[in-house]
Amino acid sequence: MSIWEALAVFAAGTAAGTINTIVGSGTLITFPVLLATGLPPVTATVSNAIGLIPGSISGAIGYREELTGQRRRVLRLGLASLIGGLGGAMLLLLLPSTAFETIVPVLVALALVLVILQPRISAAVQRRRERVATAQPHPDGGPLLLIALMLASVYGGYFTAAQGIIYLSLMGILLDETLQRLNAVKNVLAAIVNSVAALFFVFAADIDWTAALLIAVGSTIGGQIGATVGRRLSPVALRTVIVIVGTTAIVLLLLR
């Protein structure tokens, strides 16, 4: 890896850590950069998952005030995410690489659709809450949220793009909480999924440790940036950047 490639990976890690803390989809930045350095798709995904762990932890620490009073919820949802993340990591390595190269463009495209539709999803969640204002929601979302988050974590263990957006959408529908408190839980769940997947990858997959370390350092810095100033960023501008980078990722994958 040249010095310029290393700087690009570090910068991508910082941007990904920032975006992941705010909303998610940071992989749509790091993944195409890793591909551009010449890493195979599976190696890029594995190295990326390991590198983003410190960023998720950093973001969760930055949101520690919003986590107050949510210990029981985090433990329940975290267990479901752990199981799902391990299943997704196993699928990544069990399926042939050709299957991965076929599936990932579809997953990235789905992630971009979720990013674009996020304002409508948020509006739909708000309308639902107004309709059921007199209902008493389950404090932890009930079995439905556990199952939904487990399935989302299978996706997260396989490929992390838009994982955070999926978490926020599911929790926003089934939990009566502010978005900032849900975002704090999302950061913890992402850290759990990335960690369990990374532990599995360490013993079973090829890892580019230089890329993983560069992303780790960058995402740690980005996690603090996202927690501190992320709420001031324009959602429209953020979605535009993600869509542009994600589209680039799809093009790179299809041209390989």
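Everything below is about the structure shown above.
Values in this document were obtained by computation on a predicted structure and should not be read as measured data.

(A) Focus on the environment of Gln-163. Mapped onto the secondary structure, Gln-163 falls in helix 8 (residues 163-174). A C-alpha to C-alpha distance of 10.0 Å links Gln-163 and Leu-114, two positions 49 residues apart in sequence. Residues within four places of Gln-163 in sequence aside, it is in contact with Tyr-155, Gly-156, Ala-190, Val-193 and Asn-194.

(B) Spatial organisation of the side chain of Ser-56. You can see Ser-56 is positioned in helix 4 (residues 53-62). Note on Ser-56: relative accessible area 8%, which makes it buried. Sequence-distant contacts of Ser-56, defined by excluding residues within four places in its chain, comprise Asn-187, Ala-190, Ala-191 and Asn-194.

(C) Fine view of the side chain of Ser-153. Looking at the secondary structure, you find Ser-153 in helix 7 (residues 142-158). Accessibility expressed as a relative area gives 0% for Ser-153, which makes it buried. From its side chain, Ser-153 meets the backbone oxygen of Leu-149 in a polar contact 2.8 Å long.

(D) A nonpolar patch on the surface, seen in detail. Taken together, the side chains of Leu-213, Val-217, Ile-221, Ile-225 and Val-229 present a nonpolar region at the surface, about 390 Å² in accessible area. By the element assignment, Val-229 lies in helix 10 (residues 209-229). Taking relative accessible area as the criterion, Val-229 reaches 32% and is therefore assigned partly exposed.

(E) Main features of helix 2 (residues 27-36). Where burial is concerned, most of helix 2 is hidden: eight out of the ten residues are buried. Of all the positions in helix 2, only Thr-27, Leu-28, Ile-29, Thr-30, Phe-31, Pro-32, Leu-34 and Leu-35 are classed as buried. Looking at the residues trailing helix 2, positive phi occurs at Gly-38, about 105°.

(F) Up close: the nonpolar core. Counting 61 residues, the largest nonpolar core has Phe-159, Met-171 and Phe-201 as the members making the most contacts within it. Top contributing element to this core by residue count: helix 9 (residues 179-204), with nine residues.

(G) Expanded view of the packing of helix 7 against helix 8. At a minimum axis distance of 10 Å, the contact between helix 7 and helix 8 shows a crossing angle of 175°. Taken together, the axes of helix 7 and helix 8 lie roughly antiparallel to each other. Here Leu-144, Leu-145, Ala-148, Leu-149, Ala-152, Ser-153, Tyr-155 and Gly-156 of helix 7 lie close against helix 8, whose contacting residues are Gln-163, Ile-166, Tyr-167, Leu-170, Met-171 and Leu-174.

(H) Region of the structure containing empty space enclosed by the protein. Here the structure, examined in full by the defined rule, presents two cavities of 30 Å³ or more. What the largest cavity holds in volume is close to 130 Å³. Lining the largest cavity are 16 residues, with Asn-20, Ser-56, Gln-163, Gly-164 and Ala-190 sitting closest to its centre. The set of elements that each furnish at least two residues to the lining of the largest cavity consists of helix 1 (3-22), helix 4, helix 8 and helix 9. Counting residues per element, the lining of the largest cavity draws most heavily on helix 9, which supplies four residues. Taken together, the residues of the lining of the largest cavity break down into three nonpolar, twelve polar and one charged.

(I) Highlighting the packing of helix 5 (residues 71-94) against helix 9. Running from N to C, helix 5 and helix 9 cross one another at 35°; their axes reach a closest spacing of 8 Å. The hand of the helix 5/helix 9 crossing is right-handed. Where helix 5 abuts helix 9, its residues Val-74, Leu-77, Gly-78, Ser-81, Leu-82, Gly-85, Leu-86, Ala-89, Met-90, Leu-92 and Leu-93 lie against Val-185, Val-188, Leu-189, Ile-192, Val-193, Val-196, Ala-197, Phe-200, Phe-201 and Ala-204. Its residues assigned to classes, the contact of helix 5 with helix 9 comprises 18 nonpolar, three polar and no charged.

(J) Focus on the environment of Met-90. Structurally, Met-90 is set in helix 5. The exposure class of Met-90 is partly exposed, given its relative accessible area of 36%.

Conventions adopted
Residues numbered from 1 in each chain as written. Predicted model: local features only at pLDDT ≥ 70, side-chain atom pairs only at ≥ 80, totals over all residues. Heavy atoms only, no water. Helix = DSSP H or I, 4+ residues; strand = E, 2+ residues; numbered from the N terminus. Contact = heavy atoms within 4.5 Å. Buried < 20%, exposed > 50% of the residue type's maximum accessible area, 1.4 Å probe, protein only. Polar contact = N/O pair within 3.5 Å; in protein donor to acceptor, adjacent residues only side chain to side chain. Patch = residues over 30% accessible without salt bridge, like charges linked within 9 Å, V, L, I, M, F, W, Y side chains within 5 Å. Areas by Shrake-Rupley, 256 points an atom, 1.4 Å probe, with all protein chains shown as cover. Salt bridge = Lys/Arg side-chain N within 4 Å of Asp/Glu carboxyl O. Core = buried A, V, L, I, M, F, W, Y, C linked by side-chain atoms within 4.5 Å. Axes fitted to C-alpha atoms, helices over the stretch in contact; angles between N-to-C directions. Parallel < 35°, antiparallel > 145°, perpendicular 65-115°, else oblique. 1 Å grid on protein atoms, 1.4 Å probe; cavity = no way out; pocket = protein on both sides within 12 Å on 5 of 7 lines; lining within 4 Å. Points joined across faces, edges and corners; volume = space filled by probe spheres on them. Nonpolar A, V, L, I, M, F, W, Y, C, P; charged D, E, K, R; others polar. Left-handed = near helix turned anticlockwise from the far one by under 90°.

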